[in-house]
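# Coordinates in review
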Amino acid sequence: MAEWADLVAFVRHEYRVVKDEPDEIRIRLSYGDDDYEERAQTVVIAREIFDRREDWVQIATPFARIDEVDLATVLTEIGNTIVVGGLVIMGEHLVLRHSLPLVNLDINEFTDPLELVAGSAELLEQQFTGRDDY
């Protein structure tokens, strides 16, 4: 898979799409089963052009507002537990995100980070806010 259109087609087929635009697609991943309260995480998958020549895909998902948490505590937790992605502030939100080059991208090189970023953000959201807003 080396083209944005191929990745979008895969995402449309495999995930629940909640928003679809030319350079961005949003999906909703659900967590839990019959024995536990179900939670969900919205993930933004966006096409980025690096250096005006290379296509990249960015996986991003918010998990808290910056005014709701202690940033040092969140950063410490991420430093101790998260193996993929990085924490950024986007507007008023804390967002876990990860970026990958599209050229020669194998599907597992996309799905594994996608699941790790979304699952990690879901756990961080639950730990630091106790809610399921995102």
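Structural data are supplied above this passage.
Residues numbered from 1 in each chain as written. Predicted model: local features only at pLDDT ≥ 70, side-chain atom pairs only at ≥ 80, totals over all residues. Heavy atoms only, no water.

### Quick word on the overall build of the chain
Check the secondary structure of the chain and you find 3 helices and 6 strands. Helices (α) and strands (β) of the chain occur, in sequence order from the N terminus, as α-β-β-β-β-α-β-β-α. At 15 Å, the chain has a C-alpha radius of gyration in line with the 14 Å of a compact globule built from 134 residues. For the C-alpha atoms alone, the extent of the chain along its principal axes is close to 40 × 40 × 25 Å. Here the chain holds 134 residues, and 40% of them are scored as buried. Within the chain, contacts between residues at least 6 apart in sequence are counted, and of these 54% link residues at least 24 apart. When the accessible surface of the chain is summed, it comes to about 7,700 Å², and 47% of that surface belongs to carbon and sulfur atoms. Here the chain contributes 12 positively and 29 negatively charged side chains, and the mean placements of these two sets differ by 7 Å. (Helix = DSSP H or I, 4+ residues; strand = E, 2+ residues; numbered from the N terminus. Rg over C-alpha atoms; globule rule 2.2 N^0.38 Å. Buried < 20%, exposed > 50% of the residue type's maximum accessible area, 1.4 Å probe, protein only. Contact = heavy atoms within 4.5 Å. Areas by Shrake-Rupley, 256 points an atom, 1.4 Å probe, with all protein chains shown as cover. Lys, Arg positive; Asp, Glu negative; His and termini not counted. Charge placed at Lys NZ, Arg CZ, Asp CG, Glu CD.)

### Here we look at a nonpolar patch on the surface
A surface patch of nonpolar side chains, amounting to about 330 Å² of accessible area, comprises Ile66, Leu71, Leu75 and Ile89. In this structure isoleucine 66 comes out as partly exposed when scored by relative accessible area, which is 36%. (Patch = residues over 30% accessible without salt bridge, like charges linked within 9 Å, V, L, I, M, F, W, Y side chains within 5 Å. Salt bridge = Lys/Arg side-chain N within 4 Å of Asp/Glu carboxyl O.)

### Quick look at helix H3 (residues 107-129)
Between its first and last C-alpha, H3 extends 32 Å over 23 residues, near the 33 Å set by a 1.5 Å rise per residue. Immediately downstream of H3, the backbone of glycine 130 shows phi near 75°, a positive value. (Expected span 1.5 Å × (residues − 1).)

### Quick notes on the packing of aromatic side chains
This structure, assessed with the given rule, holds 2 aromatic pairs. For the ring pair phenylalanine 10 and tyrosine 15, a centre distance of 6.3 Å and an interplane angle of 75° mean the geometry is edge-to-face. The class of phenylalanine 10 is partly exposed, set by a relative accessible area of 22%. Between the aromatic rings of phenylalanine 50 and tryptophan 56, the centroid separation amounts to 5.7 Å while the plane-to-plane angle is 55°, which identifies the pairing as tilted. Its relative accessible area of 45% is what places phenylalanine 50 among the partly exposed residues. What makes tryptophan 56 partly exposed here is its relative accessible area of 23%. (Phe/Tyr/Trp six-rings, centres within 6.5 Å; stacked < 30°, edge-to-face > 60°.)

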